[in-house]
Structure formats: structure tokens, C-alpha cells
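Now for the letters of each chain:
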Amino acid sequence: MRTSTKTGARRTARAALAVLALTLATACGSSGDGDGRGDEKVPKTATGTLEQIAAKAECKPNIQTNAKELRQANCTTGDGKYVLATFATDRGQREWLNEANDYGGSYLVGRKWIAVGDAKVVTALRGRLGGSVETGAQHGSGGGSGEPSKGHSGHTGHHGG
């Protein structure tokens, strides 16, 4: 009978380890802000026009692009500077984000909108706008502004860094 007790203890230990690993993976991946606190203080994800989302973020948007498929504005709040973009379609948003991710940075992503800035700014915005945080590929060089560089060339894909 001792054998079954040892086997049962091993199963219990493995199960506990699996639960711990899953909990850690969830805590590290679900909040997106890296502080391990989870989502308890994150509001429902904001929706609306660029101006409506900017108002929720407590920003007066400085419109830079005003096209049918993309509207983009620079914003400055007490948390810092960031770019807020809204999209006509989900596909347009995903294509923009996929391309921008190659340049690094932190992205707060909602339905048909994205805020781009330093991790600290994005984390603060998430407390007002909801959404999920995505982090782009990290490269050794860059302007450090958190904004994707429109004139950036020389990268053909992801590489280690």
C-alpha cells in the first residue's frame, strides 16, 4: 500500500506544479503590464471615434492623419506622449499592428483603435481605456519614442535581440 501512497503524492505534486505553472503563465501574460496584479482595475475596453477615445484618455488629440481608413493623433497627458490611432476595419488595424510590431514599442489595443507609447504610458492608459497590451519586437537601435518609424528601412523580419 505504500506504493500507492507515493504514487498518489507524486500525482498531487505534479498537479500542483502544473497549476502553479499555469497560474504564473496567466499572471505574466494576461495583464500585459508586467506588474503581476492582473486585470482587476482594468475598465471595459473603450469604443468610439478617435475624439471620444481621446476624451476618455484625458487627451486633446492633435490630428496627424485624417483618412477614411485611418485616423491618427498625437496625444500628451500627465503620463507622457503617445500616438492614438483608429481604424475603419479590424483587418486594417491588424495589418497596421503587424507591421508596427517589427519596430518594437508597447501597444494598447482595443477594437479598431491602438495607442502607441512607452510601456509606462501604455500601462497608465489601460487604466482609463481598457484593452490589451502587446509588445513589439525589441531591436538594438531606435529613437526610444515608442512610436513606429515611418521611414525605417533595413529590416526584413524579426531577429533575435
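So, how was this worked out
- Residues numbered from 1 in each chain as written.
- Predicted model: local features only at pLDDT ≥ 70, side-chain atom pairs only at ≥ 80, totals over all residues.
- Heavy atoms only, no water.
- Helix = DSSP H or I, 4+ residues; strand = E, 2+ residues; numbered from the N terminus.
- Buried < 20%, exposed > 50% of the residue type's maximum accessible area, 1.4 Å probe, protein only.
- Pairing = 2+ DSSP bridges.

Okay, unusual backbone geometry next. For residues besides glycine, phi is generally negative; the peptide bonds are generally trans as well. One non-glycine residue, E58, adopts positive backbone phi at about 65°. Looking at where E58 falls in the secondary structure, it is placed in the loop between helix 2 (50-56) and strand 1 (62-66). Residue classification places E58 among the exposed residues on the basis of a relative accessible area of 60%. Phi is positive for K112, close to 65°, though the residue is something other than glycine. Mapped onto the elements of the fold, K112 is located in the loop between strand 4 (106-110) and strand 5 (113-117). The exposure class of K112 is partly exposed, given its relative accessible area of 27%.

Turning our attention to the pairing of strand 2 (residues 70-77). Burial analysis of strand 2 places six of its eight residues in the buried class, which makes it a mostly covered element. Hairpin geometry of strand 1 and strand 2 is characterised by an intervening segment of three residues between the two adjacent antiparallel strands. Across eight bridges, strand 2 lies against strand 3 (residues 80-87) in antiparallel orientation. Each residue of the ladder has a partner; that of A73, found in strand 3, is L84.

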